[in-house]
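Residue-level structural notes
Here's the letter readout for the chains.
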Amino acid sequence: MEKIFNLIVNGVGGQGVITLLSLIDQAAMLEGYKVRSSELHGLSQRGGSVETHIRFGKNVDSPLISNGKADLIISLETMEALRETEKSGKQTKFLINEFLLPFQGSLKKEEINQQLSLLKNEMHMVRASEICKEKLQNEVVSSTYLLGYAVNKNLIPLKRESILAAIEKIIPEKYREININAFNLSYGNN
Amino acid sequence: MQKEILLGNDAIIMGALKSGVGFVSGYPGCPSAEIGDDFAKIAKQKGVYVEWSSNEKTALEAAIGASFSGVKSLVNMKSFGINVCSDALFPLAYTGTKAPMVIVVADDPSCHSSAQSEQDSRGYAFISKIPVLDPADPQECYDFTKLAFEISEKFNTPVILRTTTRAAHQRAVVIFEEADKMPKKDGEFIKDPRQYSTMPPRTLEMKKELLGKIKKIKSYAEKSEANRISKNKKAKLGIISSGVSVLHAKEALQEMEINAEILEIGFFYPLPEKLISNFLKGKTSVLVAEEMSPYIEKEVLLIAKNANPKVKIFGKNILPEAGELNPEAVCVALAKITGKKYNKFPIKNLNLPKRTARLCEGCPYWYILPTVKRIAPEGTIFAGDIGCNMMGALPPHSMYDFMFCMGSSIGISHGIKKTTKQKVISFMGDGTFFHSGIEGMINAVYNKSNPLMIVMDNRITAMTGHQTNPGMGKTIMGEDSQELQIADIAKACGVNYIKVLDPINVKELEDAVLEFLKKDEMSLIVCKRVCALLERKQKKL
């Protein structure tokens, strides 16, 4: 891969954005890429919008992705996906968890979907939380489910083996199996 | 050699371990809290003493004691922490350290997780005369921590490692060495009052000694590897940058396909004047790309007067002074200097409703804030403080009339009570009460004031990620400790009207508020109920 891959992972504080980021960081390193990511903690994490940047490739300087430059945006929440469209480029692909965490003043599901449908970008709407809750009785692993989807559909230039190795390294033993199951569930199913 | 992806803060831990740190103290804040949290997880195994201190001043003072006793120390805090500990910091520059000491101060440009100001803590270098290093990424967090211990050892001075959110909370591959031996944890205090007591007439002597020391450190900085030039002799354009801005500048140069020579200033104070002077020679323009205050820029302007009066220096005239930098901001500046075209990406404004931070589901504060807001007489002034209670300033509560810094709600409330006839209720969390709320309470009692103080005791320092505090009866190392009672402390401080209640009993809280608001003495309600996240975590264990 000659070019740097620019990935934004966003969602709502507490959804597991940073775990997903750590998995991708680790997998990218295992594939020999230089990787930098940037995250936010604290006040911004308490139920607010959280946006993290991941960049990997031959050589990466800034940890931040400039507006319009993201190759892929993975959103763990649909309203937060819509927020990202304000600064997405033509080439930006979206992988969206069809899942809403409403808040006071939030838009309605139909409104969000309608605004998203106006975009010409490649868009993947996946009911990750719902599927994980139904099949694995745990919706927190929906982020790992989305990662499986992204790898399977070649939305992210990383191999299945690297992600599995990353899960091995990053996820505590207690939760490892359910994460592997979530990954395989979407990787195999699509 | 190890090679792993590390968070900047964890790279600092690795650097400190490799340097033989034996004593770690600090106060949790964002973006520095992982240093204490993650250090504590490995403390026993690595033979290091780690504590969360009651505030940043006691943290620094504890480390000074360790240093005087011959044990290497690391102090960690967020930007505002250095304000709290500065009273001990300045004399420390005079006495110097015995065993090396590194003080990590984490700034938060753009105020991602900081409320009270966008602080550029580098400024403390000038008033304290303490060397400051400014890493750009996790690798430099590791390298500079080691370097900071070396400088501290060589010159017997504390060294400030100043990070920012984008360095401290950046993850990248770090090449590092694991510590190969257990650190020295037991020391001995060897008496040397001439060195350790700041007392006139010694004080002025000490100041002169310090000025001499800084001169020596300055010539050391001239040769330091922390300052780097990306050699490009032909370039007429130069960029002088420090911290994470170096990475943004490199990115911007690539994107704009502009040829320039870069001087990275990792050693912020004292600045390497000769190095800068040589760098300026032969350049026609130089952009100083630094975040927030134009500290380096001002020095560069002075140096340029002698080194190269013709060079045009650009800085805050084309870069923002408020908010963090990013590649785009540097591109815009470069376009202005070179005349090259740069089109800023057009952001669409969809006018989307903002999702602000909020109290967690089941948070005990849900019982307190709306109840007090509803029951308090119209016109009551509500004072907010730092911690999870800050959410009281945001929807759906939107109730605070003012917010400042740790512990200030009660201090300011007292002044309002003394100068008006209005009712004042001051809110505070348990962590903040122990940090610096007690002082304001004492002042209010002593000076016969009568604000109502509500301590929202959720049994932990929650906002920064669940750190232990003196009210918990546990230390960060998991040891049992004295469980300090807020009500007992208040009583000992002369507060006569105190009620401790569970805020789930809303009626009891309502009655207490109405009763205490009528008192002509200071009163206190302690709303005791455990943080919902902590309760869930404890159930899982």
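Residues numbered from 1 in each chain as written. Chains lettered and ligands numbered in written order. Predicted model: local features only at pLDDT ≥ 70, side-chain atom pairs only at ≥ 80, totals over all residues.

Notes on the overall build of chain B
Scanning chain B from N- to C-terminus turns up 19 helices and 20 strands. Relative to the globule expectation of 24 Å for 541 residues, the C-alpha radius of gyration of chain B, 25 Å, shows essentially globular dimensions. Along the first, second and third principal axes, the C-alpha atoms of chain B reach 75 × 65 × 50 Å. Taken across its 541 residues, chain B has 53% of its residues classed as buried. Pairs at least 24 residues apart make up 78% of the contacts formed inside chain B by residues separated by at least 6 positions. (Helix = DSSP H or I, 4+ residues; strand = E, 2+ residues; numbered from the N terminus. Rg over C-alpha atoms; globule rule 2.2 N^0.38 Å. Buried ≥ 20, exposed ≤ 12 C-beta atoms within 10 Å, placed from the backbone. Contact = placed C-beta atoms within 7 Å.)

Considering the overall build of chain A
Scanning chain A from N- to C-terminus turns up seven helices and six strands. Listing each helix as α and each strand as β along chain A from the N terminus yields β-α-β-β-β-α-β-α-β-α-α-α-α. In terms of overall dimensions, chain A is globule-like: its C-alpha atoms have a radius of gyration of 15 Å, near the 16 Å expected for 190 residues. Dimensions along the principal axes, computed over C-alpha positions, put chain A at roughly 45 × 40 × 35 Å.

As for the sheet that holds strand β14 (residues 312-314) of chain B
Residues and elements named next belong to chain B. Spatial strand order, β9-β11-β10-β13-β14: five strands in an open sheet with mixed pairing. On the outer flanks of this sheet lie β9 (227-230) and β14, each paired with one strand and no other. Strand-to-strand twist in this sheet, taken as the mean axis angle between neighbours without regard to direction, amounts to 15°. In this sheet, strand β11 (residues 261-265) lies alongside strand β10 (residues 237-241) in parallel orientation, the contact comprising four bridges. By the bridge assignment, Ile-240 is partnered in β11 with Leu-263. On the sheet, helix α13 (residues 327-338) packs against β10, β13 (285-289) and β14 and is oriented at approximately 165° with respect to β13. (Pairing = 2+ DSSP bridges. Axes fitted to C-alpha atoms, helices over the stretch in contact; angles between N-to-C directions.)

Considerations on the interface of chain B and chain A
Taken together, the contact pairs 35 residues of chain B with 36 residues of chain A. Among the elements of the structure, β8 (170-176), α10 (245-256) and α13 of chain B are those that each provide at least two residues to the side of chain B that touches chain A. The dominant element in the side of chain B that touches chain A, judged by the number of residues it contributes, is α10 of chain B, at five residues. Here the side of chain B that touches chain A is composed, by residue class, of 17 nonpolar, ten polar and eight charged. In the sheet, strand β2 (residues 34-38) of chain A pairs with β8 of chain B via three bridges, with the strands oriented antiparallel. The residue bridging Ser-37 of chain A from the neighbouring strand is Arg-171 of chain B, located in β8 of chain B. (Nonpolar A, V, L, I, M, F, W, Y, C, P; charged D, E, K, R; others polar.)

Describing the pairing of strand β18 (residues 452-457) of chain B
Residue and element names in this part refer to chain B. Taken across its six residues, β18 has six buried, putting it largely inside the fold. In the sheet, strand β17 (residues 424-429) pairs with β18 via five bridges, with the strands oriented parallel. Looking across to β18, one finds that Ser-426 is bridged to Met-453. Running through helix α16 (residues 430-446), the crossover from β17 to the neighbouring parallel element β18 is right-handed. (Right-handed = clockwise from strand over helix to strand, strands pointing away.)

Observations concerning the nonpolar core
Counting 167 residues, the largest nonpolar core has Leu-7 and Leu-95 of chain A together with Val-102, Val-104 and Leu-133 of chain B as its most contacted members. Sorting elements by how many residues they give to this core places helix α1 (residues 17-30) of chain A first, with nine residues. Looking at this core, you find at least three residues from each of domain 1 (2-222) and domain 2 (227-338) of chain B. Excluding residues within four positions of it along the chain, Leu-7 of chain A makes contact with Ile-24, Ile-54, Ala-70, Asp-71, Leu-72, Ile-74 and Ile-156 of chain A. Core analysis: the next-biggest nonpolar cluster, separate from the first, contains 49 residues, Met-390, Ile-410, Phe-516 and Ile-525 of chain B among them. (Core = buried A, V, L, I, M, F, W, Y, C linked by C-beta atoms within 7 Å. Domains from an automatic or database assignment.)

Considering the sheet that holds strand β7 (residues 159-164) of chain B
Residues and elements named next belong to chain B. Read from one edge of the open sheet, seven strands run β3-β2-β4-β5-β7-β6-β12, paired in mixed fashion. Looking along the sheet, the strands with just one partner apiece sit at the ends: β3 (49-52) and β12 (267-269). Of the strands in this sheet, β2 (23-26), β4 (73-78) and β5 (101-107) are in contact with helix α3 (residues 56-68), which crosses β4 at around 170°.

Considerations on the domain arrangement of chain B
Domain parsing of chain B yields domain 1 (2-222), domain 2 (227-338) and domain 3 (365-540). Centre-to-centre separation of domain 2 of chain B and domain 3 of chain B, based on C-alpha positions: 47 Å.

A word on the packing of helix α11 (residues 273-280) of chain B against helix α12 (residues 295-307) of chain B
All names here are of chain B. The N-to-C vectors of α11 and α12 enclose an angle of 60°; their axes lie 9 Å apart at closest approach. Our classification of the angle between α11 and α12 gives oblique. Regarding α11 and α12, the two cross each other, and that crossing is right-handed. Contact residues: α11 offers Glu-273, Ile-276, Ser-277 and Leu-280, while α12 offers Val-300, Ile-303, Ala-304 and Ala-307. Among the residues making up the contact of α11 with α12, the classes are represented as six nonpolar, one polar and one charged. (Parallel < 35°, antiparallel > 145°, perpendicular 65-115°, else oblique. Left-handed = near helix turned anticlockwise from the far one by under 90°.)

Notes on unusual backbone geometry
Residues and elements named next belong to chain B. Of note, the amide linkage connecting Pro-200 to Pro-201 takes the cis form, showing an omega dihedral of 5°. If you trace the backbone, Pro-201 turns up in the loop between α8 (193-196) and α9 (202-222). At the junction of Pro-395 and Pro-396, the peptide bond is cis and its omega measures out at 5° in the coordinates. Considering the arrangement of structural elements, one finds Pro-396 in the loop between β15 (381-384) and β16 (402-403). Not every positive phi belongs to a glycine, and Cys-111 is a case in point at roughly 50°. Inspection of the secondary structure puts Cys-111 in the loop between β5 and α5 (124-128). What makes Cys-111 partly exposed here is the crowd of 18 C-beta atoms within 10 Å.

Some remarks on the environment of Ile-442 of chain B
All names here are of chain B. Among the structural elements, Ile-442 can be located in helix α16. Of the residues examined, Ile-442 has 18 C-beta atoms within 10 Å and is grouped as partly exposed. Placed 25 residues apart in sequence, Ile-442 and Gln-467 show a C-alpha to C-alpha distance of 25 Å.

Notes on the environment of Val-311 of chain B
All names here are of chain B. In this fold, Val-311 is placed in the loop between α12 and β14. Note on Val-311: 20 C-beta atoms within 10 Å, which makes it buried. Sequence-distant contacts of Val-311, that is, excluding residues within four places in its chain, are made with Leu-280, Lys-283, Thr-284, Ser-285, Val-286 and Ala-304.

With respect to α1 of chain A
Residue and element names in this part refer to chain A. With 14 residues, α1 extends 20 Å from end C-alpha to end C-alpha; this agrees with the ideal 20 Å at 1.5 Å per step. Among the 14 residues of α1, twelve are classified as buried, and the element is accordingly described as predominantly covered. Three or more residues of α1 are buried, namely Val-17, Ile-18, Leu-20, Leu-21, Ser-22, Leu-23, Ile-24, Asp-25, Gln-26, Ala-27, Ala-28 and Met-29. Backbone geometry just after α1 places Gly-32 at a positive phi near 85°. (Expected span 1.5 Å × (residues − 1).)

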